[in-house]
Amino acid sequence: PPNRYPTLHDPLAVAVAMQPSLVETRLGRVQVETASPMLYGLTLFTPADRLPKDAGAETTRVAQNVDVDRFLNLFIERLSAPAGASGELRVERHK
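Definitions and limits used
Residues numbered from 1 in each chain as written. Predicted model: local features only at pLDDT ≥ 70, side-chain atom pairs only at ≥ 80, totals over all residues. Heavy atoms only, no water. Helix = DSSP H or I, 4+ residues; strand = E, 2+ residues; numbered from the N terminus. Contact = heavy atoms within 4.5 Å. Pairing = 2+ DSSP bridges. Axes fitted to C-alpha atoms, helices over the stretch in contact; angles between N-to-C directions. Buried < 20%, exposed > 50% of the residue type's maximum accessible area, 1.4 Å probe, protein only. Arc of directions from axis to C-beta. Phe/Tyr/Trp six-rings, centres within 6.5 Å; stacked < 30°, edge-to-face > 60°. Salt bridge = Lys/Arg side-chain N within 4 Å of Asp/Glu carboxyl O. Expected span 1.5 Å × (residues − 1).

## Comments concerning the environment of F71
In step 1: Relative to the helices and strands, F71 resides in helix α2 (residues 68-79).
In step 2: Between the C-alpha atom of F71 and that of Q19, which follows or precedes it by 52 residues, the distance is 9.4 Å.
In step 3: Contacts of F71, omitting those with residues within four sequence positions, involve L8, P11, L12, A15 and L22.

## Focus: the sheet that holds strand β3 (residues 60-66)
In step 1: On the basis of which strands lie adjacent, the open sheet formed by three strands has the order β2-β1-β3 and antiparallel pairing. The open sheet has two free edges, formed respectively by β2 (43-47) and β3, since each of these has just one partner strand. Each adjacent strand pair in this sheet contributes to an overall mean axis angle of 55°, direction not counted.

## A few points about helix α1 (residues 9-18)
Residues spaced three or four apart along an α-helix face the same direction, because each turn holds 3.6 residues.
In step 1: Of all the residues in α1, the buried ones are L12, A15 and V16. End-on, the buried residues of α1 take up no more than an arc of 100°, which puts them together on one face. Facing away from the buried side of α1 by over 90 degrees, the exposed positions are D10 and V14.
In step 2: Next to the buried residues of α1 lie β1 (23-32), β3 and α2.

## So, the packing of aromatic side chains
In step 1: Applying the stated criterion across every chain yields a total of one aromatic pair.
In step 2: Ring geometry for F71 versus F75: centroids 5.7 Å apart, planes at 25°, classification stacked. Here F71 and its partner F75 are both found in helix α2, four residues apart, which amounts to about one turn of the helix.
In step 3: A residue is classified by how much of its surface remains accessible, and F75, at 22% relative accessible area, is partly exposed.

## Some thoughts on the pattern of salt bridges
In step 1: As enumerated under the stated definition, the model contains two salt bridges in all.
In step 2: The partner of D49 in a salt bridge is R26, and the shortest N-O contact between them spans 3.3 Å. One end of the pair, D49, is in the loop between β2 and β3; the other, R26, is in strand β1, and 23 residues separate them in sequence.
In step 3: The exposed category is assigned to D49, whose relative accessible area is 59%.
In step 4: Among the salt bridges present, the one from E77 reaches R78, with a minimum N-O distance of 3.9 Å.
In step 5: Using a relative accessible area of 30% as the deciding quantity, one classes R78 as partly exposed.

## Overview of α2
In step 1: Helix length check: α2, at 12 residues, gives a terminal C-alpha distance of 16 Å against a target of 16 Å (1.5 Å per residue), a fit within 8%.
In step 2: Those residues of α2 that sit buried are F71, L72 and L74. Along the long axis of α2, the arc covered by the buried residues comes to 160°, so they all point the same way.
In step 3: Residues of α2 that are buried make contact with α1.

Here it is, written out as structure tokens:
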């Protein structure tokens, strides 16, 4: 349901840097509109499989799904750890 979970972009970005499997990504091209005053800043994503064959390399991975429960458990666990507690924090290798 909408608004069931808080939106926590920065903590999620840090968590994904440590555990990339928290998100499912899709490869494609991202463009940001800068010419139109009405649409300035609009972000457009074109999935790699919808780009023309001669479009060049797609280098952007955009998160499309988040393992919300796993992220929130990690987030709360880290926030509620006693000060100075190192704890066991699993860091995944990037693929």
